[in-house]
Every structure is written in structure tokens, then in C-alpha cells.
Amino acid sequence: MSRLTTRPMPKRQGDSTIALINIVFLMLIFFLIAGTLAPPVDKELDPVTTEDSLPSRPPDALALDAEGAFTWRGQPISVEEIAGAKAELGLEGPLRLIVDKSLPAPLLIERISALRAAGLPDLVLVTERRTEPAR
Amino acid sequence: MTSLIDVIFLLLLFFMLSSTFSRFAEIPLGAAGAGGSGGNVPDIFATIAEDGVRINGEAAEPTVIAERLRALSEAGAKSATVLAREGATSQMLVDVLEKFRAAGIDVGLAR
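Read on for a plain summary of the structure. (Residues numbered from 1 in each chain as written. Chains lettered and ligands numbered in written order. Predicted model: local features only at pLDDT ≥ 70, side-chain atom pairs only at ≥ 80, totals over all residues. Heavy atoms only, no water.)

## Re the interface of chain B and chain A
Step number 1: Each partner contributes residues to the interface: chain B has 38 residues there, and chain A has 54 residues.
Step number 2: Buried area between chain B and chain A, both sides added, is near 4100 Å², and the carbon and sulfur share of it is 68%.
Step number 3: Together, Phe24, Glu26 and Leu29 of chain B form the three largest contributors to the area buried by chain B at its contact with chain A, with a combined 18%.
Step number 4: For the interface between chain B and chain A, the tally reads 1 salt bridge.
Step number 5: Here Arg96 of chain A and Glu26 of chain B are joined by a salt bridge, their closest N and O atoms 2.7 Å apart.
Step number 6: Here chain B is connected to chain A by 7 residue pairs in polar contact (both at pLDDT 80 or more).
Step number 7: When contributions to the side of chain B that touches chain A are tallied by element, the ones reaching two or more residues are helix 1 (2-18), strand 1 (19-20), strand 2 (24-28), helix 3 (90-102) and strand 7 (106-110) of chain B.
Step number 8: Counting residues per element, the side of chain B that touches chain A draws most heavily on helix 1 of chain B, which supplies 9 residues. (Contact = heavy atoms within 4.5 Å. Buried area = accessible area lost by both parts, 1.4 Å probe. Salt bridge = Lys/Arg side-chain N within 4 Å of Asp/Glu carboxyl O. Polar contact = N/O pair within 3.5 Å; in protein donor to acceptor, adjacent residues only side chain to side chain. Helix = DSSP H or I, 4+ residues; strand = E, 2+ residues; numbered from the N terminus.)

As C-alpha cells, then:
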């Protein structure tokens, strides 16, 4: 008799675990599809935003902060080291550059010509895309 | 059962923490020499300063820049030089570069 009354208990526990797994699994699928994996750029950086430029993949990019200092994957780097670091990682194509929006423009132009002088003539500026145009 | 949920939970945590949701765009900055080539005279000369943008010496409000560039492009302008003065930020510069690109005008950056 007593066995009969205790029998439904383990079954119910199993059911709730399956429900939990289902929810967690759905969340996992959501993050897999909606998010994109990318190496971190500078966390402090507030990138330039644009409205109607060509969409691009997330940046594995050279960051240029508001004071005009370069960082690569969170580590400070000098202009001379950049070409070597890029070759070491096997990155093809143009050098991708992500810039803080409050960096003075004359300093940005100076840094761009410094990069070109250091043997990296092919540059692409990565910006964050505003989804809703502010109009 | 518990090990399965553990693994799924760890995967979920990994993807939650490492994925980004911001969307990115890119603007090619052109090949070397596009800015510094002193040979030919550009059709349009624009300056960006703290108080706004001037196209060929005329002050242009942010809202009319695109329109004016389109008019200049229709009139046959093909190349432009942009000069950023002290006080202009990168955001202002990139906004203007984007508008030049949308109008189909080649831009060089002056130092």
C-alpha cells in the first residue's frame, strides 16, 4: 500500500527536470543563433556609429581610444608592432580599425597616416550600426 | 539526466557571456595616397570644425549636407578633400565621410 502512494513522486521529479532542460535548451539555441561570437575589442571603447554603411562582421579589429592610443585585443600596442601582430594572427585583407567617437578628428587622420607609413596602406573603419535611424 | 543539464547549462552560460549583439558596419578608408596626393585639384573642399561643416566655404547644416552633395555630384563633382580642424571629433568626420560615399564622391583626407 505504502509503495503505491510513493510511486508517483520520482516520476514527477523527472518531468520537471525535462521541462527545465527544455527551457535551458531553447535559451541556448536563441543565444547560438541571435548572438555572434567575436574576440573582444577594448571594453572602454565607445565606437563611432553610422546609419547606412555596408553591414559587416563583428570586428577583430585594432582599437583606437579617445586619447589616440592603439590597443589590440585588449593589449596596448605600438604602431611598429601592428603589422607583425596582424601577420602573426594570419589575418588576411585590410586592417580593420575601430575608433572611439570622441577621438579628435585631426588625431585620427594623423594615426591613419602613421599606420600607412608603417606599411599598412589598406584600412577599413569599423563602426557600430544604429538599427533605428535617429530622424 | 543531471549531467546533461549541467553540460547544457555550461554551454548556455558560455554563449550568453561571449556573444555580442551589436551590429557593425564598415567604411573603406581608401588606398594610400588618396589623401596625400597633391597632383590634381579636388572638385569639392570640405572642412569640419567644432561649429559645423563647410562645403566649398559655405556653411552646411547637418540636414542639408546629403542634399548639397547630391547636387554637386550631379553637377559633375567626382573627388573631394576633407579637412578636419581642431575641435572636430571622429564621429563628425565619419558622418561626413559616409555622406560623401553615399553621394558617390571619392574622398581624400587632408592633414
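Next comes the rest of the account.
## Focus: the sheet that holds strand 3 (residues 44-49) of chain B
Where strands meet in a sheet, backbone hydrogen bonds hold them as pairs that are either parallel or antiparallel.
All names here are of chain B.
Step number 1: Strand order in the open sheet formed by 5 strands is 5-4-3-6-7, and the pairing between neighbours is mixed. The outermost strands of the open sheet, each flanked by one partner alone, are strand 5 (58-60) and strand 7. With direction set aside, neighbouring strand axes in the sheet form an average angle of 30°.
Step number 2: Bridging between strand 3 and strand 6 (residues 79-84) involves 5 bridges; their strand directions are parallel. Directly across from Ile48, in strand 6, lies its bridge partner Ala84.
Step number 3: Lying over the sheet, helix 3 contacts strand 3, strand 4 (52-55), strand 6 and strand 7, oriented at roughly 155° with respect to strand 3. (Pairing = 2+ DSSP bridges. Axes fitted to C-alpha atoms, helices over the stretch in contact; angles between N-to-C directions.)

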